[in-house]
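# Structure at a glance
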Amino acid sequence: RLAGVAQAAQAALTGGSNFDSARHAHLTECDIEEEWLQSGASSSSSFPEIIHLSVGGTKLTTTLSTLRRDPRSKLYEMFSRPNSVVRDSDGCFCIDRNGRPFHHILNYL
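In this report, we go over the structure that sits alongside the text. (Residues numbered from 1 in each chain as written. Predicted model: local features only at pLDDT ≥ 70, side-chain atom pairs only at ≥ 80, totals over all residues. Heavy atoms only, no water.)

A few words on the overall build of the protein. Each helix and strand in the protein was counted, giving five helices and three strands. When the helices and strands of the protein are listed from N to C terminus, the series reads α-α-β-β-α-α-β-α. Here the protein holds 109 residues, and 37% of them are scored as buried. When the accessible surface of the protein is totalled, it reaches about 6,500 Å², and 51% of it is carbon and sulfur. (Helix = DSSP H or I, 4+ residues; strand = E, 2+ residues; numbered from the N terminus. Buried < 20%, exposed > 50% of the residue type's maximum accessible area, 1.4 Å probe, protein only. Areas by Shrake-Rupley, 256 points an atom, 1.4 Å probe, with all protein chains shown as cover.)

See the structure below:
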């Protein structure tokens, strides 16, 4: 069973996905964090260190360093390029995948 989870995690990390760079105009906590970073608080990234995700409607919180841990992964690619991840109406980064097992992917990283 764990081998299946590891395989699913690896497939999700390297699999392609269609992402749109459009953003919602709602002002949320996630938007405020991003504005704070862009105001000069950190010049190393346009992403906050704490990342709020909505994966298939499941809300998760992780760190930018976790998402960038594997340079071969799709998550690394998504969270290394500004405007490459869609935000939902709450301002959280949206990933169009099944949210139920996604915590296994974060644990894998």
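Having seen it, we continue.
It is worth spelling out the packing of aromatic side chains at this point. Per the counting criterion, the structure on display carries three aromatic pairs. Counting every residue linked through ring pairs, the aromatic cluster contains Phe47, Phe79 and Phe93. (Phe/Tyr/Trp six-rings, centres within 6.5 Å; stacked < 30°, edge-to-face > 60°.)

What follows deals with the nonpolar core. Core analysis: the biggest nonpolar cluster contains 17 residues, and Ile51, Leu53, Leu75, Phe79, Ile95 and Phe102 have the highest contact counts within it. Taken together, the elements giving at least two residues each to this core come down to strand E1 (50-55), helix H3 (64-67), helix H4 (74-78), strand E3 (93-95) and helix H5 (102-108). (Core = buried A, V, L, I, M, F, W, Y, C linked by side-chain atoms within 4.5 Å.)

Right, let's talk about the environment of His52 for a bit. Mapping His52 onto the fold places it in strand E1. Look at His52 and you get buried, because its relative accessible area is 17%. Between the alpha carbons of His52 and Thr63 there is a distance of 8.5 Å; along the sequence they are eleven residues apart. Within the local environment of His52, its side chain forms a polar contact with the side chain of Thr61, the two groups lying 3.4 Å apart. (Polar contact = N/O pair within 3.5 Å; in protein donor to acceptor, adjacent residues only side chain to side chain.)

Sheet strands associate in pairs through backbone hydrogen bonding, adopting either a parallel or an antiparallel arrangement. Spatially, three strands are ordered E2-E1-E3 in an open sheet, and the strand pairing comes out mixed. Either end of the sheet is taken by a strand with one partner, and the two such strands are strand E2 (58-63) and E3. Along the sheet, successive strands turn relative to each other by an average axial angle of 35 degrees, direction set aside. In the sheet, E1 pairs with E3 via three bridges, with the strands oriented parallel. Each residue of the ladder has a partner; that of Val55, found in E3, is Ile95. (Pairing = 2+ DSSP bridges. Axes fitted to C-alpha atoms, helices over the stretch in contact; angles between N-to-C directions.)

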